[in-house]
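Architecture and fold: a report
Chain by chain, the residues run as shown.
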Amino acid sequence: MKVTVIGTGYVGLVTGACLAEMGNHVLCVDVDARKIDILRSGGIPIHEPGLQEVVQRNAAAGRLEFTTDIARSVAHGTLQFIAVGTPPDEDGSADLQYVTAAARNIGRLMTDHKVIVDKSTVPVGTADKVREAVAAELAARGVTLEFSVASNPEFLKEGAAVEDFMKPDRIIIGTDDERATLLLRALYAPFVRNHDRLLVMDVRSAEFTKYAANAMLATRISFMNELSRLAEKLGADIEQVRVGIGSDPRIGTHFLYPGAGYGGSCFPKDVKALARMAADAGLPSRMMAAVEQVNEEQKRVLVDKVVARYGEDLHGRTFALWGLAFKPNTDDMREAPSRVVVAELVRRGARVQAYDPVAAAEARRVLAQDLGEPALAQVHFVASAPAALQGANALVVVTEWKEFRTPDFEAMATTLADRLVFDGRNLYDPDLVRGFGLDYRGIGRP
């Protein structure tokens, strides 16, 4: 099957590569010539485990190609996947300018039947806007051509996106067109051979499902983070509470881990967008507002613990910081809790020695924008976790990379001047850490 994927960002590149892996001929198009040059040369512009190998293998086999030629991309695929960015507008709503621009290009250049598939996370009703944009371009050309618009939201976890796409727990297709349904069923058939996880519904329900799913997960995180603060006040251990409630099958164990707050490209943006949709519909969402507020407060909990120990003036203090990306196995710094932690420490005069296995370069770029170059001089990026400890007063753990899970506590105790660990992800057993003579401060733990 010939497939065009518009946009080579996180969603578009994973989608194109994985569809090619199943034998389809995929053409990925992007207006960013730099990205296309990187992809053509065998690299990838993002960090995602396993993705580069899939891209290189399928490009070498001729099943995966990259172009900036929009006319060629429209001519190529009967299926046209729109996977462009939908950044938040000032009011929190999703900015659809790139989605509608892609739709207009299709309408302006198509010469035969097309199934246009919204893969980007888009508000309810976007398929109607895409349909109107294509129809307007066809009318301006004075031609009549058949096309349909479908919704096929992605449910990929950064750091495990290739596996999620190849072995999906569900594939949702929103369409009111039988031909589109048949084509998408055929496209996804190899991914659901063992168990049919493909769900077909109306377009608006499919669009809404994506937001509902992310909002639910974000709500669970904020709920546990708020409980963690209360647990500290009451002398309870939130980790024991987590195990206790997670053993209830009605609740389950996923997304019950308290920490330093959520970040990334999805949860913050989608919670805001859902709240905006609710307000526009005349049903303001107090719950979404609370989820967002709790998360913003949680990003400051680690700093509050540092201030409680050292005071507001941190001049002359150096903090080792482990983890910059918003989660492990990615270099994504969008809405990362580390950005708040670093900014607040630096604002109080502290020096930060930061280490992340893959996100240092992206963190340096982002923090330069957040802090400005003069303040960035207080942040030093080092090449290893032990190197971050050298000359530091205390350790602050922000991201739960696997390599941080079993550190050398004996060496840590002899290296840190104040023998103090602020564990923002509850990676460590407090008794074990204290057994090495270290002071331990976790999240929601007495």
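Residues numbered from 1 in each chain as written. Predicted model: local features only at pLDDT ≥ 70, side-chain atom pairs only at ≥ 80, totals over all residues. Heavy atoms only, no water.

Turning next to the pairing of strand 13 (residues 420–423). Consecutive side chains of a regular strand alternate in pointing toward one face of the sheet and then the other. Side chains Leu420 and Phe422 project from strand 13 onto one buried face, and the interleaved Val421 and Asp423 project onto a second face that is buried too. Bridging between strand 12 (residues 394–397) and strand 13 involves four bridges; their strand directions are parallel. The residue of strand 13 that forms the bridge with leucine 395 is valine 421. With helix 18 (residues 409–415) bridging strand 12 and its parallel neighbour strand 13, the resulting β-α-β unit is right-handed. (Buried < 20%, exposed > 50% of the residue type's maximum accessible area, 1.4 Å probe, protein only. Helix = DSSP H or I, 4+ residues; strand = E, 2+ residues; numbered from the N terminus. Pairing = 2+ DSSP bridges. Right-handed = clockwise from strand over helix to strand, strands pointing away.)

Here the focus is the sheet that holds strand 9 (residues 318–322). Spatially, six strands are ordered 11-10-9-12-13-14 in an open sheet, and the strand pairing comes out parallel. Both edges of this open sheet fall to strand 11 (379–381) and strand 14 (439–441), since each of them pairs with a single strand only. Across this sheet, the average inter-strand angle for adjacent strands is 20°, counted without regard to direction. The pairing of strand 10 (residues 351–355) with strand 11 spans three bridges and is classified as parallel. Bridge pairing in strand 11 places alanine 354 opposite phenylalanine 381. Packing of helix 13 (residues 301–310) onto the sheet brings it into contact with strand 9, strand 12, strand 13 and strand 14, and relative to strand 13 it is tilted by some 155°. With respect to the sheet, helix 14 (residues 337–347) is in contact with strand 9, strand 10, strand 11 and strand 12, its orientation differing from that of strand 9 by roughly 175°. (Axes fitted to C-alpha atoms, helices over the stretch in contact; angles between N-to-C directions. Contact = heavy atoms within 4.5 Å.)

Not every positive phi belongs to a glycine, and glutamate 335 is a case in point at roughly 60°. With respect to the element layout, glutamate 335 can be found in the loop between strand 9 and helix 14.

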